[in-house]
Amino acid sequence: MDEVAFTEAAERHRRELRVHCYRMLGSFDEAEDLVQETFLRAWKGINGFEGRSTFRAWLYRIATNACLDALEGRARRVLPNDLTPPSQPDAGAPVRTDIPWLQPFPDVAAPRESQPEAQLVAKETIELAFLAAIQYLPPRQRAVLILRDVLGWSAKQTADLLDGTVASANSALQRARSTLKERLPERRMEWSAEPSEQDMAVLRRYMAAVERADVAAVSELLAEDVRTTMPPYPMWFEGRDAVVGVLAAGWDTTAPHYVGKLRMVPTRANGQLATAAYVQVPGETAYQAFAIGVFRISDGHIAEITAFHDPGLFPAFGLDTELR
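One structure accompanies this document, and this report is about it. (Residues numbered from 1 in each chain as written. Predicted model: local features only at pLDDT ≥ 70, side-chain atom pairs only at ≥ 80, totals over all residues. Heavy atoms only, no water.)

## With respect to the packing of aromatic side chains
Here is step 1 of the chain: Across all of its chains, the model carries 10 aromatic pairs by this definition.
Here is step 2 of the chain: Each ring, one from Tyr60 and one from Trp153, has its centre 6.0 Å from the other, and the planes form 65 degrees; the classification is edge-to-face. Within this pair, whereas Tyr60 is found in helix H4 (residues 55–71), its partner Trp153 is found in the loop between helix H6 (139–150) and helix H7 (155–161), the two being separated by 93 residues in sequence.
Here is step 3 of the chain: Its relative accessible area of 1% is what places Tyr60 among the buried residues.
Here is step 4 of the chain: Classification of Trp153 by relative accessible area gives buried; the value is 11%. (Phe/Tyr/Trp six-rings, centres within 6.5 Å; stacked < 30°, edge-to-face > 60°. Helix = DSSP H or I, 4+ residues; strand = E, 2+ residues; numbered from the N terminus. Buried < 20%, exposed > 50% of the residue type's maximum accessible area, 1.4 Å probe, protein only.)

In structure tokens form, the structure reads like this:
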């Protein structure tokens, strides 16, 4: 296989390998790097590909092992609610931290619906709740769970990929499923597989209320037990009153922690409804990239918002970093 043929064959699997590496690492940025590392390792070892498996399976073997190498000795990626109890609305100005937070995955980077591998990116295996839960698995257990329960590989295929035995692969899968059961929300499987028209209407109302800085209108849209997190800020808030209190302080033009005027753009992340928020600070005319918010909407109310305050994520979503 020459370099042109290799590149064409490998590129056909780029999107699904990106999702695979993202599941393993919890980082979109690192998933991009690991796909490139996979292709580099594959090209260097192309003479060792003897056709005993499919080219796709061979790439998955290389990608999985590249991810395991990257994860060695590294702390898992988490969300703020995995680390501390909920914060009080008057907790003070947030302090950014440099711990490795979980990142969102832009839907535009996933396999397209017309592509055969799109069926491997079912919403429930890429949503934030699932990604946050599998970060608690040791790397090899994580790999086994993804290969068996997400990709549908057999125990023998999984054992061969990881240079282990079928018994060890089955044992790792059993332990991984047990941990996942403890970490996933109890009613997760009752969540809607795809956002409904009602969900999208709620999000549109929320976006309009945010742009008006209408705290009362936002309050009506929040579930009583709503939860909001804001990585890389370590604090998080639980309950409508707490969330509304934080918003009121941030939107008060006379308050010391006034955020600025916001503009909202709809997007999608992790198979969920999402928004891109831009902020116009006092004295400026342009709106700058502020945060990617990922939403869970249930029974006509916003149940959870995870707002990733990282403007560097915007290009991956096909979004400008500045609006005028």
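## Here we look at the packing of helix H2 (residues 14–25) against H4
Here is step 1 of the chain: In the contact formed by H2 and H4, the axes pass within 10 Å of each other and the chain directions differ by 30 degrees. On the basis of their axis angle, the class for H2 and H4 is roughly parallel. Both H2 and H4 take part in a crossing whose hand is right-handed. Within the contact between the two elements, H2 uses Glu16, Leu17, His20, Cys21, Met24 and Leu25 and H4 uses Arg56, Leu59, Tyr60, Ala63, Thr64, Cys67, Leu68, Ala70 and Leu71.
Here is step 2 of the chain: Of the residues that constitute the contact of H2 with H4, the class distribution is 11 nonpolar, two polar and two charged. (Axes fitted to C-alpha atoms, helices over the stretch in contact; angles between N-to-C directions. Parallel < 35°, antiparallel > 145°, perpendicular 65-115°, else oblique. Left-handed = near helix turned anticlockwise from the far one by under 90°. Contact = heavy atoms within 4.5 Å. Nonpolar A, V, L, I, M, F, W, Y, C, P; charged D, E, K, R; others polar.)

## A few points about the pairing of strand S5 (residues 287–298)
The side chains of a regular strand alternate between the sheet's two faces.
Here is step 1 of the chain: In terms of burial, S5 is a largely internal element, nine of the 12 residues being buried.
Here is step 2 of the chain: Bridge analysis of strand S4 (residues 272–280) against S5 gives six bridges, and the strand direction is antiparallel. Opposite Thr275, over in S5, you have Gly293 as the bridge partner.
Here is step 3 of the chain: Where S4 folds back on S5, the antiparallel hairpin that results is connected by six residues, among which Gly283 adopts a positive phi of roughly 90 degrees.
Here is step 4 of the chain: Taken together, the two bridges between S5 and strand S7 (residues 322–323) define a ladder with antiparallel strand orientation. Counterpart to Tyr287 in the pairing with S7 is Leu323.
Here is step 5 of the chain: By the bridge criterion, seven bridges tie S5 to strand S6 (residues 301–308) in an arrangement that is antiparallel. Looking at S6, one finds that Ser298 is bridged to His301. (Pairing = 2+ DSSP bridges.)

## Concerning the pattern of salt bridges
Here is step 1 of the chain: A complete count under the given rule lists 15 salt bridges for this structure.
Here is step 2 of the chain: Residue Asp107 pairs with Arg268 through a salt bridge whose shortest N-O separation is 3.6 Å. On the criterion of sequence distance, the pair formed by Asp107 in the loop between H4 and helix H5 (128–134) and Arg268 in strand S3 (residues 261–269) is long-range, its members being 161 residues apart.
Here is step 3 of the chain: The partner of Arg177 in a salt bridge is Asp149, and the shortest N-O contact between them spans 2.8 Å. Here Arg177, found in helix H8 (residues 166–183), pairs with Asp149, found in helix H6; they are 28 residues apart in sequence, far enough to count as distant.
Here is step 4 of the chain: Look at Arg177 and you get partly exposed, because its relative accessible area is 43%.
Here is step 5 of the chain: Given a relative accessible area of 38%, Asp149 falls into the partly exposed group.
Here is step 6 of the chain: Where salt bridges share partners, they join Glu30, Arg74 and Arg77 into one cluster. (Salt bridge = Lys/Arg side-chain N within 4 Å of Asp/Glu carboxyl O.)

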